[in-house]
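Overview (structure and organization)
Chain residues, written in single-letter form:
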Amino acid sequence: MPTETKTTCPYCGVGCGVIARVDDEGVVSVKGDPDHPANFGRLCSKGSALAETIDLDGRLHHPEIAGERAGWDEALDLMAQRFSDAIAEHGPDSVAFYVSGQLLTEDYYVANKLMKGFVGSANIDTNSRLCMSSSVAGHRRAFGSDTVPGCYEDIELADLVILTGSNLAWCHPVLYQRLAAAKAARPGMKVVVIDPRRTMTADIADMHLAIRPDGDVALFNGLLAHLAKSTAIDENYLAAHTMGFAAAFATASSMTFTELMDRTGLGANEIRQFFALFERTEKVVTCYSQGVNQSSSGTDKVNAILNCHLATGRIGRHGMGPFSLTGQPNAMGGREVGGLANMLAAHMAIESADDRDRVQRFWGSPTIADRPGLKAVDLFEAVADGRIKALWIMATNPVVSMPDADAVEAAIRACPFVVVSDVMKTTDTARHAHVLLPSLGWGEKDGTVTNSERRISRQRSVLPAPSEARADWWQLAEVARRMGFLGFEYTTPTEIFAEHAALSAFENDGSRDFDIGAYAGIGPAGYEAMMPFQWPAPAQEGRKTTRFFANGHFYHPDRKARFIAVTPAETERTSVDYPFTLNTGRIRDQWHTMTRTGKSARLSAHIAEPFAELHPRDARELGVGSAGLVELESPHGMAVVRALVTERQARGNVFVPMHWNDQFAAKARIDALVPPLIDRVSGQPASKNVAIAVRPF
Ligand code: SF4
């Protein structure tokens, strides 16, 4: 008999519900889940092509050691030995995990517990560092916790939706569909897109502000200064619920209007129109994504946006608020379990002795990391200089996706012991592994993910595990057990989720935002039947929509939010030798480094090869014809891709997608050109403002 199973799309942070049907021959087909509150039945091109990407071609079927097939026991024993040896000889900080927003929350939980509570290091970081860590840092500075205030419904309820650094139409397509439907139903709704490029998202916009790269702090500082002199400022809210407005306003208002125009590259009229629109529209949602986060001033950009919402009290209420849109399907779940080098678990702080004591007692662990570990860029630098002796990479392909990708590849190649857990046998990173472990893919694995609006949904298995592939949490627990650690006797993801839920509620008097303790006692039947729920809604309230901060209570000790005074940084990076600004990003129909979406002929038909978007005048001056090849070069690396000449691109700027790797194109790993420059607060790399040279090839 055919079966139908409710599960969740594994691609972007929208977290759409999917119904996977398996027919009598075992063939899988998918459709959107009409009951899932993220998508109400919609799917985008990637989600609807899921069934085309789950064949077993290229899959890793068995563990391998040094390129030869090995048994699980042999591989796991070797790993436990090599990690234990490194710790004994060089200390806990000589080992590291580099994990992924593709992991399920249960996988993430076990990885974080093993590294922080049992190895005793915080050297576990994730590719989510590249995605939204500036939002985490900005939230924590302003709110005292990493809390996303609103929900998707707010985007539909708003009278003004600002999309800054977000190509929603391509990167969060189902949310874009919801926005477009809401705007069609209420034509009075305004949409402003702030982006150097005229992206597909800008086609729906009433106003497109083609801002200079990294001009966001100046723009939102200018907005704050404008609002402070208007009736939109909410004096009562400021007094009752915030601290630090005077300093933020003083900093923001120190910039002249001429300087504002210069830093943003925008004209006086369009700036004034944008400010007036924000001022007069109470129901405003500001969505932001990688264009804000992937910057050397990413955290300041986030706080500049939050400042404007705090100043007007437009937060936590229907149709209002700042909204961080996460790139990955489970970036939020990773944050919940503390899967970043500077977090602990269940939104507790690694810097807090009380939190460390609480988590250690809960885990019954022999130790606990007492300071932040190495964040992604620093972690691979430590691999390069020999401080890391043993590295475990799970569900990610840093040889393509990390900045300074060639240097990252050299570092991994030189590392004494590298383990890669993946579903695919030949990724750019897997070929440098001493031990390769076959993991379960979408449709096979079982657990939970959290989307951008804090909604936890189940990913369910509908297919048997191929060959010897095993769950990532199982691999971690087996290595932990072989290293002699107690507390990893899990037999199902249900047990892990129940422990994670119990930790969220453990000694939680309401001073911590994350609490799904109502699920602590969940058994296999309850876990199997779990419907999508949005924390902090109690379990029994199921699909109820929730918002934070409606009551003006934040998570700093005095319960007040903080304005952060932010100053626009000097971000002009071009020079005579490198006169163009490279902006990297995603396209509609590919995901990450294409190890899965690259399997679908339908998805690859949208855009078949890597490209560099150039303005027509730049192309003419360079002598580059449309579809001609161009060589792109920075001090860190080079790439050769096809020119896409388009008026959508701003002069002096070049957009190149980050997906292609050496499997799909000869020289298109664009992150090889990106320098390892990071935001000083969040550690997030700056992948959108890179000085490069462009030449005809
Ligand atoms: Fe999947 Fe994102 Fe598309 Fe939804 S919008 S179907 S989560 S890729």
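None of the values given here were measured: they were computed from a predicted structure.

Conventions and cut-offs
Residues numbered from 1 in each chain as written. Predicted model: local features only at pLDDT ≥ 70, side-chain atom pairs only at ≥ 80, totals over all residues. Near = placed C-beta within 6 Å. Helix = DSSP H or I, 4+ residues; strand = E, 2+ residues; numbered from the N terminus. Nonpolar A, V, L, I, M, F, W, Y, C, P; charged D, E, K, R; others polar. Core = buried A, V, L, I, M, F, W, Y, C linked by C-beta atoms within 7 Å. Buried ≥ 20, exposed ≤ 12 C-beta atoms within 10 Å, placed from the backbone. Domains from an automatic or database assignment. Contact = placed C-beta atoms within 7 Å. Axes fitted to C-alpha atoms, helices over the stretch in contact; angles between N-to-C directions. Parallel < 35°, antiparallel > 145°, perpendicular 65-115°, else oblique. Left-handed = near helix turned anticlockwise from the far one by under 90°. Pairing = 2+ DSSP bridges.

1. A look at the site of the ligand
Surrounding the ligand, one finds 14 residues, the nearest of these being Cys 9, Cys 12, Cys 16, Cys 44 and Gly 47. Taken together, the elements giving at least two residues each to the shell around the ligand come down to α1 (45-48) and α7 (173-185). When the residues that make up the shell around the ligand are grouped by side-chain class, the tally is nine nonpolar, four polar and one charged.

2. Some remarks on the nonpolar core
One recurring pattern in soluble globular proteins is that nonpolar side chains are buried together. Counting residues in each nonpolar core, the largest one holds 133 residues, and the members touching the most others are Leu 391, Ala 612, Leu 632 and Val 654. The dominant element in this core, judged by the number of residues it contributes, is helix α3 (residues 105-119), at eight residues. Residues from two domains meet in this core; each of domain 2 (64-127 + 333-506 + 514-541) and domain 4 (580-696) gives at least three. Leu 391 has contacts with Ala 96, Tyr 98, Val 383, Cys 415 and Val 418, leaving out every residue within four places of it along the chain.

3. Let's talk about the domain arrangement of the chain
Parsing the chain into structural domains produces domain 1 (3-53), domain 2 (64-127 + 333-506 + 514-541), domain 3 (133-325 + 558-562) and domain 4 (580-696). Here domain 1 and domain 2 have C-alpha centroids that lie 25 Å from each other. On the domain 2 side, the residues contacting the 16 residues of domain 1 number 14 residues. Listing elements by their share of the side of domain 1 that touches domain 2, those giving two or more residues are β1 (3-8) and β2 (17-22). Examining the composition of the side of domain 1 that touches domain 2, we find that four residues originate from one element, β1, more than from any other.

4. Details of the packing of helix α4 (residues 133-143) against helix α14 (residues 298-312)
The geometry of α4 relative to α14 is characterised by a closest axis approach of 8 Å and an angle of 50° between their N-to-C directions. Classified by the angle their axes make, α4 and α14 are oblique. Taken as a pair, α4 and α14 cross one another with a handedness that is right-handed. Seen from α4, the contacting residues are Ser 134, Ser 135, Ala 137, Gly 138, Arg 141 and Ala 142; seen from α14, they are Gly 298, Thr 299, Val 302, Asn 303 and Leu 306. Its residues assigned to classes, the contact of α4 with α14 comprises four nonpolar, six polar and one charged.

5. Some words on the sheet that holds strand β12 (residues 284-288)
Pairing in this open sheet of five strands is parallel, and the strands run β10-β9-β8-β12-β13 from one edge to the other. Two strands lie at the open edges of the sheet, namely β10 (207-209) and β13 (321-324), each paired on one side alone. Ignoring strand direction, the axes of neighbouring strands in this sheet form an average angle of 15°. In this sheet, β12 lies alongside strand β8 (residues 160-164) in parallel orientation, the contact comprising five bridges. Residue pairing for β12: Leu 160 is matched across the bridge by Val 284. The strands touched by helix α12 (residues 268-280) are β8, β9 (190-194), β10 and β12; relative to β10, the strand with the most contacts, the crossing angle is about 125°.

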